[in-house]
Amino acid sequence: AAMKFLLLLSLFAASSAFSPTAFAPRTKAVSSSPKTSTALKGEYGASSTSFYTTTEKQDSYDDLDSILEGHCADKQLQTLIREMLDACADITEALRTALVTVEGSSNTFGDAQLSVDVIADNIMWDACKNSKVIKDGASEEDPIVRTLHPDNEYTVCWDPLDGSSIVDNNWAVGTIIGVWGKDTGFLGATGRDQKTSMVALYGPRTTVVVALDDGVYEFTYGCTPEGCQLDDGTWAPWICSRKDIKISEDCKIFAPANMRAAQELPGYKALLDHYMQDRYTLRYSGGLVPDVYQQFTKNQGVFSNPTSDSSPAKLRLAFEAAPFGLLVEKAGGKTSDGVSGGSVLDVQINAVDQRTPLCIGSSKEVDRFNDLVCMIN
């Protein structure tokens, strides 16, 4: 009898599932109570707490060349940006085909090198060796400033594939590039002396944010939206997907790195408590590039990485903090060196492997970090 009952019940469920009303929209219950705001909590869960995109499709998109012609006056810098974006495109293709394995060696900092690290670094070195404008190059994988073309203009330093600890998860990783002129060079200069910087994010798509004369612009690789086909039927490799990006002074997204330091820094613990008590949205992957890059797509956010005695800061000033700092400050955000509360762009680069604490993002949140962690007020 029990088996017959279960069989009848399953048949009833199956017929109900395929009935005309099975997929009909549910009728909302009418309530006499006033409707409350769902701006942060979200009446339907994640849909209003995840900061979904509000970017609308455009009728057409400018390509890289047209943006550079209009927003980068220096022709040599235009050439460098094109060369570096070509390298990022090559890294994109390499990441799609390479397995993530240990290379059997480590870099100067003692980090185990992965196959993809070496591939990305080789691509960057090849781009510099073949460059028409690059004088010197320095890689985080082998942090020595090498002169390639003594008569050329720029010193470029890069982290070829930031996020080695998460790339095996197939999470988003990136390339970070800082560019200095031969008038200052790289050692002895500051991040503020950079001529430009750019950060590539390799995720489901490849996007690169670039600091130009009048702001920060994002370029997307390999997209084929309507209105972007060239006269010969091909597609521009890079289109401008965001123009003159701005980071708001307020935010509700936080990315807290080096949380171990909160055990020694009461101010950092208080800051993390504030984020949770005030219902900020946590967006943290452990990769510097995606964790900061989201500030350009969401137009808000704060990334924090303080230092303490047992959990010292690990970010490299020249390879990571300075390039990101230029982009964020050019977009209206703010940075902190994590000690004095001053801009990370004003810290002199005295060593290739120089480390720094960092807070970066929406200005009011960086001020809060300075008040609680640096205790400048």
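Here, the structure is the one placed above.
Analysis parameters
- Residues numbered from 1 in each chain as written.
- Predicted model: local features only at pLDDT ≥ 70, side-chain atom pairs only at ≥ 80, totals over all residues.
- Heavy atoms only, no water.
- Axes fitted to C-alpha atoms, helices over the stretch in contact; angles between N-to-C directions.
- Helix = DSSP H or I, 4+ residues; strand = E, 2+ residues; numbered from the N terminus.
- Parallel < 35°, antiparallel > 145°, perpendicular 65-115°, else oblique.
- Left-handed = near helix turned anticlockwise from the far one by under 90°.
- Contact = heavy atoms within 4.5 Å.
- Nonpolar A, V, L, I, M, F, W, Y, C, P; charged D, E, K, R; others polar.
- Pairing = 2+ DSSP bridges.
- Buried < 20%, exposed > 50% of the residue type's maximum accessible area, 1.4 Å probe, protein only.

Trainee: Please clarify how the packing of helix H5 (residues 266-277) against helix H8 (residues 363-374) should be interpreted in this entry.
Mentor: The relative placement of two packed helices comes down to the angle between their axes together with the axis-to-axis distance. The interhelical angle for the contact between H5 and H8, taken along N-to-C directions, is 140°, at an axis separation of 8 Å. Considering the angle they form, H5 stands oblique to H8. Viewed along their axes, H5 and H8 form a crossing whose handedness is right-handed. Note on element contacts: H8 touches H5 through Glu365, Arg368, Phe369, Leu372 and Val373, opposite Gly267, Tyr268, Ala270, Leu271, His274 and Tyr275. In the contact of H5 with H8, the residues fall into 7 nonpolar, 2 polar and 2 charged.

Trainee: Mind showing me how you'd approach the sheet that holds strand S13 (residues 302-305) here?
Mentor: Pairing between the strands of a sheet comes from backbone hydrogen bonds, and it takes one of two forms, parallel or antiparallel. Spatial strand order, S12-S11-S13-S17-S15: 5 strands in an open sheet with mixed pairing. Every other strand in the sheet has two partners, leaving strand S12 (281-282) and strand S15 (334-336) as the edge strands with one partner each. Sheet topology places strand S11 (residues 253-256) next to S12; 2 bridges connect them, and they run parallel. Note that in S12 the partner of Ile253 across the bridge is Thr281. Contacts from helix H6 (residues 288-298) reach S11, S13 and strand S17 (358-361), with the element oriented near 155° to S13.

Trainee: Would you mind showing me how to read the pairing of strand S3 (residues 134-139) here?
Mentor: In summary, the side chains of a regular strand alternate between the two faces of the sheet. Most of S3 is tucked away: 5 of the 6 residues are buried. Looking at chain direction, S3 and strand S5 (residues 154-162) are connected through 5 bridges and run parallel. Paired with Ile134 across the two strands is Tyr154, which belongs to S5. Where S3 lies against strand S4 (residues 142-147), 3 bridges are found, and the strand directions are antiparallel. Opposite Gly137, over in S4, you have Arg146 as the bridge partner. If you look at the hairpin formed by S3 and S4, you'll find 2 residues sitting between the two strands.

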